[in-house]
Number of protein chains: 2
Amino acid sequence: MSDYVAIGIDLGGTNLKVALVYSTGAIVARAAQPVEAGQQPGEIIDAMVTLSRQSLADAHLDDSAVIGVGVGSPGPLSTSRGVIIKAANLVGWENVALRDRLGKILGKSVVLDNDGNAAAFGEYWAGNNHDGHDMVLLTLGTGVGGGVVLGGQVLRGHYENAGEIGHTVVEPRGRACTCGKHGCLEQYASASAVVRRAMEGVETGEASSLKAMDTQGDEITAQTVATLARDGDAWCQQVWEETCFYLAVACINIQHTFNPARVILGGGLSCAGDQLIDGVRKHFSAMSWSLYEDFPQIQLASLGYDAGVIGAAGLAWQRFSSTN
Amino acid sequence: MSDYVAIGIDLGGTNLKVALVYSTGAIVARAAQPVEAGQQPGEIIDAMVTLSRQSLADAHLDDSAVIGVGVGSPGPLSTSRGVIIKAANLVGWENVALRDRLGKILGKSVVLDNDGNAAAFGEYWAGNNHDGHDMVLLTLGTGVGGGVVLGGQVLRGHYENAGEIGHTVVEPRGRACTCGKHGCLEQYASASAVVRRAMEGVETGEASSLKAMDTQGDEITAQTVATLARDGDAWCQQVWEETCFYLAVACINIQHTFNPARVILGGGLSCAGDQLIDGVRKHFSAMSWSLYEDFPQIQLASLGYDAGVIGAAGLAWQRFSSTN
């Protein structure tokens, strides 16, 4: 099958990415363009087609090499109907029949899934950690996405919205979330939430090097907080420890619900590498139960920003290729 | 298959129950005896055999009518190996190869599973709520057991210990649990925990009718607390509301992880009926998100104390009957 490819598409709030992916998980060609908040479904679908054709041309492949198309998108969406019900960061997107519209233009079969599910399947299918065992991925970016792979299949659930671990509650009566609840993991462990909590403290008088950086207009990211924490800034250390603590609570709850072989952490916050993993493992060990050694491995994601396109293509390989 | 039965066995910390169950989920005959904390595996296995044969005699069935045996037991255990690794309430039970030992004596195939999983499968297979959709059962008794049925299969997970929802954390830095962690659901929502929390309050000076009842030696159960709460006892109302609140947190987390069609509440605490369900639903609605209407139905279990034996037999039907 080495001459065949699946088209993987990752529709994000800021970028649209397309890649041609072999059945091995290797990327053959890629293309991307920015997404504007006001862009309508028709424009985005046209861009998906243009980027796909451009990638095929770059790889000197013709249309007959394509076994199918996978699209990862923000949700909620329905995989079974191929419809984006609502896309959080795309204004005015409601009930978009993306699967059928894109499939008709490209003349190919299309599978649509949640972006967190696509990334999880990417790590499962083509990541370093692949051994076929059950796994859960958390992507720690603007929000906290999640995806669960059990027995080689993405878990979708009755309402097709399973694996939304970012909206599980880790602190009842905790911080307000944009979803309307309180104490969601997303409010503690997304890259954005780390910056937000750190800066709130600075504004209310916590002593930190962040204050001077902010005053002189430096960009402050989650990595800034991580680096300052590592270098001894007490307030950043406190924010970082709290972040690792709540991620550990989430890992404990994942352990007892899915009992997977591993929990994989990806997204922007995972750029902190061992500082993140060691911190989460420390709190996880301090909290974990003594009844039975059914502890998941807590590990870093290995595909970086390609997890979404690779995973989307992987879902197409799984769905449309009888030889996979 | 109406002449055939599966033997369902429910090994509890206080009772050993055996039932013969048709492929319809109906019980044909049953037998039970108490379990003592010090009883050794050999004695219990002998009792399983005796009760099984007694039930067959009562139903005028001979051995050839039995398609297989299902056993639900406290864990942790290994379903794939048929071994009880440790049984929390049975002293000295470690690495008991129950499946093979019982199978050899009875001359039948045996499937061993966690008691929470067996009860969940019972509700799925033979309960009122059966429509084939994904569901999660919580049994609110001495502890909080759990079981998850996805696509008609019990979820076991990589370490075969999935669905232990009672040990998910609903209040980080909360009440100490016997498992070594803090803030497990079991410390808020088991029938025992309701009594414990209510009586702790009475001891530290909360005004409640419980005090007089305790002084005159009345037995105080979770149902006592529920009844007093319903009748206006302010402290019992507070304990009851807190119980419903944490169950709602657990339901929220189940919603976002498994996205099932329903969450079913069973065990001793569920004797409070609508008072429990209405309380949990109220807190669930107050907390739940506004992004998408993927809310599980929260419902009472329908098989009562038979869920364990029926579910164990159901697992045997699923595993050993090609016609099921």
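Keep in mind it's a predicted model, so treat the numbers as computed, not measured. (Residues numbered from 1 in each chain as written. Chains lettered and ligands numbered in written order. Predicted model: local features only at pLDDT ≥ 70, side-chain atom pairs only at ≥ 80, totals over all residues.)

A. Summary view of the packing of helix H1 (residues 41-58) of chain B against helix H2 (residues 98-106) of chain B. Residues and elements named next belong to chain B. Put simply, H1 and H2 touch, their axes get as near as 10 Å, and they point 40° apart. Considering the angle they form, H1 stands oblique to H2. Every pair of crossing elements has a handedness; the one defined by H1 and H2 is right-handed. For the pair formed by H1 and H2, the contact residues are Ile45, Met48, Val49 and Ser52 on the first element and Leu98, Arg101, Leu102, Ile105 and Leu106 on the second. Split by residue class, the contact of H1 with H2 holds 7 nonpolar, 1 polar and 1 charged. (Axes fitted to C-alpha atoms, helices over the stretch in contact; angles between N-to-C directions. Helix = DSSP H or I, 4+ residues; strand = E, 2+ residues; numbered from the N terminus. Parallel < 35°, antiparallel > 145°, perpendicular 65-115°, else oblique. Left-handed = near helix turned anticlockwise from the far one by under 90°. Contact = placed C-beta atoms within 7 Å. Nonpolar A, V, L, I, M, F, W, Y, C, P; charged D, E, K, R; others polar.)

B. Looking closely at the environment of B:Lys17. All names here are of chain B. In this structure, Lys17 sits in strand S2 (residues 15-21). Separated by 300 residues in the primary sequence, Lys17 and Trp317 place their C-alpha atoms 18 Å from one another. Sequence-distant contacts of Lys17, defined by excluding residues within four places in its chain, comprise Asp10, Arg30, Ala32, Gly308 and Val309.

C. Structural detail: the interface of chain B and chain A. With 37 residues of chain B at the contact, the number on the chain A side is 37 residues. The element contributing the most residues to the side of chain B that touches chain A is helix H8 (residues 234-258) of chain B, with 6 residues. Here the side of chain B that touches chain A is composed, by residue class, of 18 nonpolar, 14 polar and 5 charged.

D. View of the relation of the copies chain B and chain A. Structural alignment of chain B on chain A gives an RMSD of 0.0 Å, achieved by rotating through 180° and translating 0.0 Å along the axis. Read as a symmetry element, the transformation amounts to a two-fold axis. Here 100% of the interface residues in chain B have copies in chain A that are interface residues too; the copies meet face to matching face. (Least-squares fit on C-alpha atoms with pLDDT ≥ 70 in both.)

E. View of helix H9 (residues 274-287) of chain B. Residues and elements named next belong to chain B. Over its 14 residues, H9 extends 19 Å from the first C-alpha to the last, a length consistent with the 20 Å expected when each residue adds 1.5 Å. Among the residues of H9, those classed as buried are Leu276, Gly279, Val280, Arg281, His283 and Phe284. Elements in contact with the buried residues of H9: H8, strand S12 (262-266) and strand S13 (297-300). (Expected span 1.5 Å × (residues − 1). Buried ≥ 20, exposed ≤ 12 C-beta atoms within 10 Å, placed from the backbone.)

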